[in-house]
Amino acid sequence: MQVDTLPSGLPKSIRLASRSPRRRELLEQLGIQVQLLIAQTPEDAEALEALRPGEAPLDYVARVTRLKLDQGIFAMRQQNLNGWVLAADTTVDLHGEVLGKPETPLQAMQMLNRLQGTLHQVHTSVAVAFVQPKQVSPLIRQATQTSEVEFDHIPEEFAKAYVAAGTPFDKAGGYGIQSEIGQFVRRISGSYSGIMGLPVYETSMLLRDNNR
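Notes on the structure follow. Predicted model, so just to flag it, every value in this text is computed and none were measured. (Residues numbered from 1 in each chain as written. Predicted model: local features only at pLDDT ≥ 70, side-chain atom pairs only at ≥ 80, totals over all residues. Heavy atoms only, no water.)

## Quick look at the nonpolar core
The biggest cluster of nonpolar side chains holds 41 residues, and the ones touching the most others in it are I14, L27, L86, F151, Y175, I181 and L207. Considering each element in turn, this core owes the most residues, five residues, to strand β3 (residues 83-94). Every residue in contact with L27, bar those within four places of it in the chain, is listed here: I14, L16, I32, V34, L86, L198 and T203. (Core = buried A, V, L, I, M, F, W, Y, C linked by side-chain atoms within 4.5 Å. Buried < 20%, exposed > 50% of the residue type's maximum accessible area, 1.4 Å probe, protein only. Helix = DSSP H or I, 4+ residues; strand = E, 2+ residues; numbered from the N terminus. Contact = heavy atoms within 4.5 Å.)

## Focus: the packing of helix α4 (residues 105-115) against helix α5 (residues 156-164)
Close contact between α4 and α5 brings their axes to 10 Å; oriented N to C, the two are set at 140°. On the basis of their axis angle, the class for α4 and α5 is oblique. Our pair here, α4 against α5, has a crossing hand that is right-handed. Touching P105, A108, M109 and L112 of α4 are A159, K160, Y162 and V163, all from α5. (Axes fitted to C-alpha atoms, helices over the stretch in contact; angles between N-to-C directions. Parallel < 35°, antiparallel > 145°, perpendicular 65-115°, else oblique. Left-handed = near helix turned anticlockwise from the far one by under 90°.)

## Re the pairing of strand β5 (residues 119-131)
The side chains of a regular strand alternate between both faces of the sheet. Burial runs high along β5: eleven of the 13 residues are buried. The pairing of β3 with β5 spans eleven bridges and is antiparallel. Within β5, the residue paired with T91 across the bridge is H123. Pairing between β5 and strand β6 (residues 140-151): eleven bridges, direction antiparallel. Counterpart to Q121 in the pairing with β6 is E148. (Pairing = 2+ DSSP bridges.)

## Some words on the packing of aromatic side chains
The tally for this structure, following the rule as stated, stands at four aromatic pairs. Measuring from centroid to centroid gives 5.8 Å for F158 and Y162, while their planes differ by 20°, and the two rings are stacked. Linking F158 with Y162, this pair stays in helix α5, spanning four residues, or about one helical turn. When its relative accessible area of 19% is taken as the criterion, F158 is described as buried. Their ring planes at 70° and their centres at 4.8 Å tell us that F158 and F184 sit as a pair that is edge-to-face. (Phe/Tyr/Trp six-rings, centres within 6.5 Å; stacked < 30°, edge-to-face > 60°.)

## Considering the side chain of Q145
Structurally, Q145 is set in strand β6. Looking at Q145, its side chain comes within polar contact range of the side chain of S147, at 2.9 Å. With sequence-adjacent residues up to four places away left out, Q145 is seen in contact with V122, H123, T124, G190, S191, G194, P199 and E202. (Polar contact = N/O pair within 3.5 Å; in protein donor to acceptor, adjacent residues only side chain to side chain.)

Here's what the structure looks like:
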């Protein structure tokens, strides 16, 4: 089955199995038309993101991403859709501990306090598949990108205002590097877009039509 592609070799359109506006924006910056694919309810998504006892951060983020993609493929088949589907997940790794999305202001403050003055890793895994009619099992490609982030001291009054604004609650580790908290990031090593939630380079490599 042929698909329309951009001059870069990327597909012109994709279905995104994620509610993240940041991932949508990053895909659109590549010139790709994005359609949101609601593959699960917020409650189902929360269940998919449950951490298994003793699970390493890299294993966790890869497993959750694959589960989200599987849900997306199932949703496309249920709706008789075809084409590219993409899923991704991001986790913050503090010395081997997974820092997920805070559920309360107290948790958000605790995360920010733990991250400041320290070096931590951000893992983002992305998985794609090209779904075709009557296809038994689509080819799945997946890659995980790791970056390092080091925060300076975050003033307490800033952290309180940041939490009060509700910014941390849909973000792994309780922060978004593209938000105003970025002014306290001393340095990063890796992919800025990966820290945001979708590593653009790795994603483009997975999506190029001549690799399908």
